[in-house]
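Report on the structure
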Amino acid sequence: MAKRGYSDNEPRIPKGWVLANVEQWPINTMHGPGPSPANWRFETYGDVKKPLSLTYDEFVNLPSITKKLDHHCIDGWSYLGHEWTGVDMDTIIQMTEPTDEVKFIHTEGERGYSSTFPVGQELLLAYKRFGKVLPRAGGYPVRLVAPGEFGYKSVKWVERVKFISDWEYDFWDEKLIAWGLPPIDPKLNPWNVDNAERKAGLRQLFIHLTEDHRREKIALYRKKLEASQ
Amino acid sequence: MSELEGRFFLCKVSDLVEGEPRKFVVHGSDVLLLKLDGKIHAVEPMCSHDGTDISRGKFSQHSGTLECPKHYAVFDVRSGTPLRGPFGADGDTQPPLRVYRFKIDSGRIMLEANQEWGVIPQYT
């Protein structure tokens, strides 16, 4: 896959996108961060010869890289020039030794969030941004950074990486299917969004997402009400 | 707030001040009442980008718009229409704010709602 999302890459942002010029790092999350895990470990499993299970200290002592990458949100804005420090997925691949049949990487975060990628796509398991340890809301202990993809692919609060031979639906694929919408075609150029069909699809997605959010809010209210009675 | 024939009394018309939105909670749903040019509007203050509570967002009497305090999406409070997405992005993909039905009965603002369905939305 061609590298995207670098400062020397043209075009630097998807067509129709705007630059978010803000002091604060805008943070989107599906669920919001839970409390920091007490005994976090980074694990690999699936079709691998050497499954890994590393503590935070062991993880941050692995060979690291620092890169400047741009962030693009599916909602139509980009935020340029994040400096990330972390462990290249290639380092993890060398350590865990996937079998020859492995073609995909399924990255899993807290609360069931996940993203699937083809082996060979550039992925960074980041633990610092601009030299500072990630805030909890920003993905502490470790978050994925997938340059050139939209932000929803960059799993926060990574716990496990599964190496698989067949494509596996990830969090958003499962959600779209549950809503009666088609899963995301992995061969589709993610930046090809400046057309009516993709915009209509996104609008449908947001309608379902808002409805889910509304339902969760009302369910929480009813639960509190019942507890108080 | 009391229930009366499937309607909820929120407040009196005279309680509302131009340019000062007021938030209520009905069956777990947030309802924002706004007075604009003497006319009252009721919307759900939930940003259709990520669910942020926009009741404390910037309300412009001049344009009749409410801006999300988190990522600055802008909505027309009269229709719920998204005018701008987050950070000024094209609002094409954003769903509208939910607009609520209500009636004014002897100067009292009555929202249509019931235990089963919650607040009844007025789709535009």
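Calculation notes
Along each chain, the written sequence defines residue order, and numbers are assigned to residues from 1. Lettering of chains starts at A and numbering of ligands starts at 1, both following the order in which they are written. Only residues with pLDDT of 70 or above have their local features reported here, since the model is predicted, and side-chain atom pairs are shown and tallied only from 80 upward, although totals for entire chains, interfaces and linings are computed over all residues. Side-chain measures were taken over the full set of non-hydrogen atoms in the model, leaving aside hydrogen atoms and water. Criterion used throughout: strands pair if DSSP finds at least two bridges between them. The secondary structure listing takes helices from DSSP runs of H or I that are at least 4 residues long and strands from runs of E that are at least 2 residues long, numbered from the N terminus. All axes are obtained by fitting lines to C-alpha atoms, using only the stretch in contact for helices, and the reported angles, taken between N-to-C directions, cover 0 to 180 degrees. Three exposure classes are used, based on accessible area relative to the maximum for each residue type with a 1.4 Å probe and protein chains only: buried under 20%, partly exposed in between, and exposed over 50%. Any two residues whose heavy atoms approach within 4.5 Å at even a single point are treated as in contact. Buried area, as used here, totals the accessible surface that two parts lose on assembly, with accessibility defined by a 1.4 Å probe and the loss added over both. Salt bridge criterion: a side-chain nitrogen from Lys or Arg within 4 Å of a carboxyl oxygen from Asp or Glu. Polar contact is defined as a pair of N or O atoms within 3.5 Å, subject to the rule that within protein one atom must be able to donate a hydrogen and the other to accept it, and that residues adjacent in sequence are counted only when both atoms are side-chain atoms. Residues are grouped as follows: nonpolar covers Ala, Val, Leu, Ile, Met, Phe, Trp, Tyr, Cys and Pro; charged covers Asp, Glu, Lys and Arg; every other residue, Gly included, is treated as polar.

1. Here we look at the sheet that holds strand S6 (residues 58-60) of chain B
Residue and element names in this part refer to chain B. What the 4 strands build is an open sheet, ordered S6-S7-S8-S9; its pairing is antiparallel. Edge strands, defined here as strands with exactly one partner in the open sheet, are S6 and strand S9 (82-84). Each strand axis lies, on average, 25° off the axis of its neighbour in the sheet, ignoring direction.

2. Examining the pairing of strand S8 (residues 124-129) of chain A
Residues and elements named next belong to chain A. Buried residues dominate S8, accounting for 5 of its 6 residues. Relative to S8, strand S5 (residues 77-88) runs antiparallel, the two sharing 5 bridges. Looking at S8, one finds that Val-87 is bridged to Leu-125. In this structure, S8 lies alongside strand S10 (residues 143-145), joined through 3 bridges in antiparallel fashion. Looking across to S10, one finds that Leu-124 is bridged to Val-145. When S8 meets strand S9 (residues 132-133), the two strands line up antiparallel, connected through 2 bridges. Across the sheet, residue Lys-128 finds its bridge partner in S9, namely Val-133.

3. Some thoughts on the environment of A:Asp90
All names here are of chain A. Locating Asp-90 in the fold gives a position in helix H2 (residues 89-96). On the basis of relative accessible area, Asp-90 is assigned to the partly exposed category, the value being 44%. Sequence separation of Asp-90 and Val-119 is 29 residues, and the distance between their C-alpha atoms is 9.3 Å.

4. Some words on the interface of chain B and chain A
Taken together, the contacts link 27 residues of chain B with 22 residues of chain A. With both chains or domains summed, chain B and chain A bury close to 2200 Å², and 54% of this area falls on carbon and sulfur atoms. A per-residue breakdown of the area chain B buries against chain A is headed by B:Met46, B:Phe87 and B:Thr93, which together make up 28% of the total. Here chain B and chain A share 5 salt bridges between them. Among the ionic pairs, B:Asp30 bridges to A:Lys217, the shortest N-O distance being 3.0 Å. Counting across the interface, chain B meets chain A through 7 residue pairs in polar contact (both at pLDDT 80 or more). Residues that form the side of chain B that touches chain A fall into these classes: 8 nonpolar, 11 polar and 8 charged.

Note that all results are geometric; they support no functional claim without further evidence.
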